Amino acid sequence: MEGLIPVINKLQDVFNTVGSENIQLPQIVVVGTQSAGKSSVLESLVGRDFLPRGTGIVTRRPLVLQLIQITPDDREARTLDSGEVIKAEEWGKFLHTKNKIYTEFEDIRTEISNETDRMSGTNKGLCPEPISLKIYSPHVISLTLVDLPGITKVPVGDQPSDIENQIRDMCLTYIGNPNSIILAVTSANTDMATSDALKLAKEVDPDGRRTLAVITKLDLMDAGTDAMEILCGRVIPVKLGIIGVVNRSQADINKRKEMKEALKDEASFLQKRYPSLANRNGTAYLAKTLNRLLMHHIRDCLPELKTRVNILIAQFQSLLTSFGEPIEDKSQLLLQIITRFASAYCSTIEGTSRNIETTELCGGARICYIFHETFGRTLESIDALGGLATMDILTAIRNATGPRPALFVPDISFELLVKRQIKRLEEPSLRCVELVHEEMQRIIQHCGTQQEMLRFPKLHDRILDVLTHMLRKRLKPTNNMVENLVGIELSYINTKHPDFFEAQMVHKTVTNDQDGLRQLQKDSQRQQQQQHQQQQQHVEEKENRAPSPAPDMLPVNSWKMPSFMGKTRSQSDLQGGGEPDSQSSSAVASPAHSRKGINLLPEVPKAITSRKLTVREKHDVVLVEKLIKSYFMIVRKNIQDTVPKAIMHFLVNFIKDNLQSELVSKLYKKEEIDTLLEESEHIAQRRSEAQEMVQALQRASHVIGEIRETHLW
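Residues numbered from 1 in each chain as written. Predicted model: local features only at pLDDT ≥ 70, side-chain atom pairs only at ≥ 80, totals over all residues. Heavy atoms only, no water.

Draft legend 1. Representation of the overall build of the chain in the model. Along the backbone of the chain there are 25 helices and nine strands. A burial count over the chain gives 41% of its 713 residues as buried. Pairs at least 24 apart in sequence give 80% of the contacts found in the chain among residues at least 6 apart. When the accessible surface of the chain is summed, it comes to about 40200 Å², and 51% of that surface belongs to carbon and sulfur atoms. (Helix = DSSP H or I, 4+ residues; strand = E, 2+ residues; numbered from the N terminus. Buried < 20%, exposed > 50% of the residue type's maximum accessible area, 1.4 Å probe, protein only. Contact = heavy atoms within 4.5 Å. Areas by Shrake-Rupley, 256 points an atom, 1.4 Å probe, with all protein chains shown as cover.)

Draft legend 2. Region of interest: the pairing of strand β1 (residues 27-32). In terms of burial, β1 is largely enclosed, as six of its six residues are buried. Of the two faces of β1, the one holding Gln-27, Val-29 and Val-31 and the one holding Ile-28, Val-30 and Gly-32 are both buried throughout. Bridge count for β1 against strand β7 (residues 180-187) is six bridges, and the pairing is parallel. Note on β7: the bridge partner recorded for Val-30 is Leu-183. As judged from the three bridges shared by β1 and strand β6 (residues 143-147), these two strands associate in the parallel manner. Residue pairing for β6: Ile-28 is matched across the bridge by Leu-145. (Pairing = 2+ DSSP bridges.)

Draft legend 3. A look at the environment of Thr-390. Counting through the fold element by element, Thr-390 comes out in helix α13 (residues 390-401). Along the chain, Thr-390 and Leu-613 lie 223 residues apart, while their C-alpha atoms are 9.7 Å from each other. If near-sequence neighbours (up to four positions away) are discounted, Thr-390 is found in contact with Leu-613, Val-621 and Glu-625.

Draft legend 4. Geometry of unusual backbone geometry. Positive phi outside glycine occurs at Lys-217, with the angle close to 60 degrees. Within the secondary structure, Lys-217 sits in the loop between β8 (211-216) and α7 (228-231). Owing to a relative accessible area of 21%, Lys-217 belongs among the partly exposed residues under this scheme.

Draft legend 5. Inspection of the nonpolar core at higher detail. With 71 residues, the main nonpolar core has Phe-341, Tyr-345, Val-436, Met-440, Leu-459 and Ile-639 as its most contacted residues. Mapped onto this core, the elements with two or more residues apiece are α11 (330-350), α12 (364-381), α13, α14 (411-422), α15 (426-442), α17 (457-491), α23 (615-667) and α24 (673-676). For this core, the leading source of residues is α23, giving 19 residues. Non-local contacts of Tyr-345, meaning those with residues more than four positions away in its chain, are made with Met-440, Gln-441, Ile-443, Ile-444, Cys-447, Leu-467, Ile-655 and Leu-659. (Core = buried A, V, L, I, M, F, W, Y, C linked by side-chain atoms within 4.5 Å.)

Draft legend 6. Region of interest: helix α6 (residues 196-204). Burial in α6 covers these residues: Asp-196, Ala-197, Leu-198, Leu-200 and Ala-201. Elements that come into contact with the buried residues of α6 comprise β1, α5 (163-175), β7 and β8. A distance of 3.4 Å separates the backbone nitrogen of Ala-197 from a side-chain oxygen at the start of α6, and that oxygen is part of Ser-195. (Polar contact = N/O pair within 3.5 Å; in protein donor to acceptor, adjacent residues only side chain to side chain.)

Draft legend 7. Highlighting the environment of Glu-625. On the secondary structure map, Glu-625 appears in helix α23. On the accessibility criterion, Glu-625 (23% relative accessible area) is partly exposed. As for Glu-625 and Val-418, which are separated by 207 residues in sequence, their C-alpha atoms are 9.4 Å apart. Excluding residues within four positions of it along the chain, Glu-625 makes contact with Leu-385, Thr-390 and Ile-393.

Written out as structure tokens, the structure is:
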């Protein structure tokens, strides 16, 4: 088990270069209030003076201290990477100074002070960035400790107003690591119940499984008091134990009292004041206890650590692969990216892409939805007779007959009306082209090469430009074809179409259904007779009400005029199907009008006003409506079938077939390759970081792999 602590030290070195946020290594974290004696405990464990000392807050940055026990004949540990052999008995190394060796511990103290001032300033400021220090010595026990700034309440110097919270958060960051052992330092001349160190430890380790308490300054307790109750755990029990130590006083430090003498004085003090507990207290016992606890803790954490390292290797290797390998042959890489993009684009349309979307329709599936759901439902929602009023149909029939009254509904009226309705299919057809064009533009987001597009933003922009230009270029011929499809239907109304059943039924009715014709003639005659009788009664009533003029006042044949005008008006009403307007009535009623306006006719209305239709008119209107509806259904079915085919041929399939060749012709130019394959700085930086992390994790895996199972027990 002695070999476990050096393994953790190696892992500490590996992850200190890249950051150890992802790996939580076993280590001992020293926490306590300001001037509780934390640094003195560390110096006692090392046996040398190497930490900055003074009043107030001295430790202003976390110090990761690795104690490595070596033997005088350990040539491997004494040989540097350059091959130089270290002859000193003890020495130290900082991570930030690389391979520089410090054989004088006074130089180590100076370097710690300088590095602290460099990052934290010279006026009591703090910095969370740790200082990593290794000390090689035959007089130490292998340990890994972290010395943290002391917990303080009131800011001084350049310290911020929330200094207490900052130090507290810093301490919680380190002791919150479940693989750490908490060394809670409390001075004996204060009440243990008020210990901030034990309070913090209790927050992150409520069961006390990884907390060890250290009571310092046993020699400074008030006269007549001792720490027996505290050391025995009767005041506040701590599972891993409570160990008391005696530190050097400030006067001893000023006099540069040797550490060996201080340890002897500590042993004699414990033997004198606490004889029953002397063998379980003191700096030497603390060092052995920490070593034992750390080794057992490492043994418990190692299996999980192995698993965690292997998982991280796989994750960062996958991340590194996604960023792509460094560019060797730019021409080949450009062709590969173009080919992959074109293939991914076509696969997204065909639905054979490896990255299938599950949250929304995209690519070919969305185009299919546009064809059969959006476009199809829109066409089905168009009313075949929408915008056509009954009087519009009747007017069209009359206009098509010209000056001659028609016995049958003229074909030209049907053609004019059905063309007007067919024209309404053009707008949704063009809108369908627009929707497919937008989806073709949007497919680039789902074509599975997003990482390469992020890696080379200029290439991404150029590919997008080329594709957009191709789509815009194909939009015009596709629209023209769709307009032509509607125009083809408008150019020739095929009344002999095999699906046009209504026309065949009309023909059959006209030629064979004599009963229907006779019934129609009878209805028409009956209606004319009724109208004639009503008009005759109306004329007779007028004549009876009018006063008889004197015989000599009447002009010759004047008695015939009213009858003649009335008869003419009635006949014209029957033929025209309209009612007499107010002007014609007033013309007959006025004698002056009668004499001067004998040859005048009522004005012809510009539009036929709504009125009750005759049986013949109703029959004609219903017939035309049926014909329009039937033929419109045929044309709508054709448009619903041919427009998607035209869009697929002129737009979708053309892009699929010509995309790769178009990209190569536009982008594969020698003078533009370097510009197109210029990497994003963000991607290059992240690849470098991922590469460093993969290498560190692989080294860590190698270090852990060197441990044999026999080392664990």
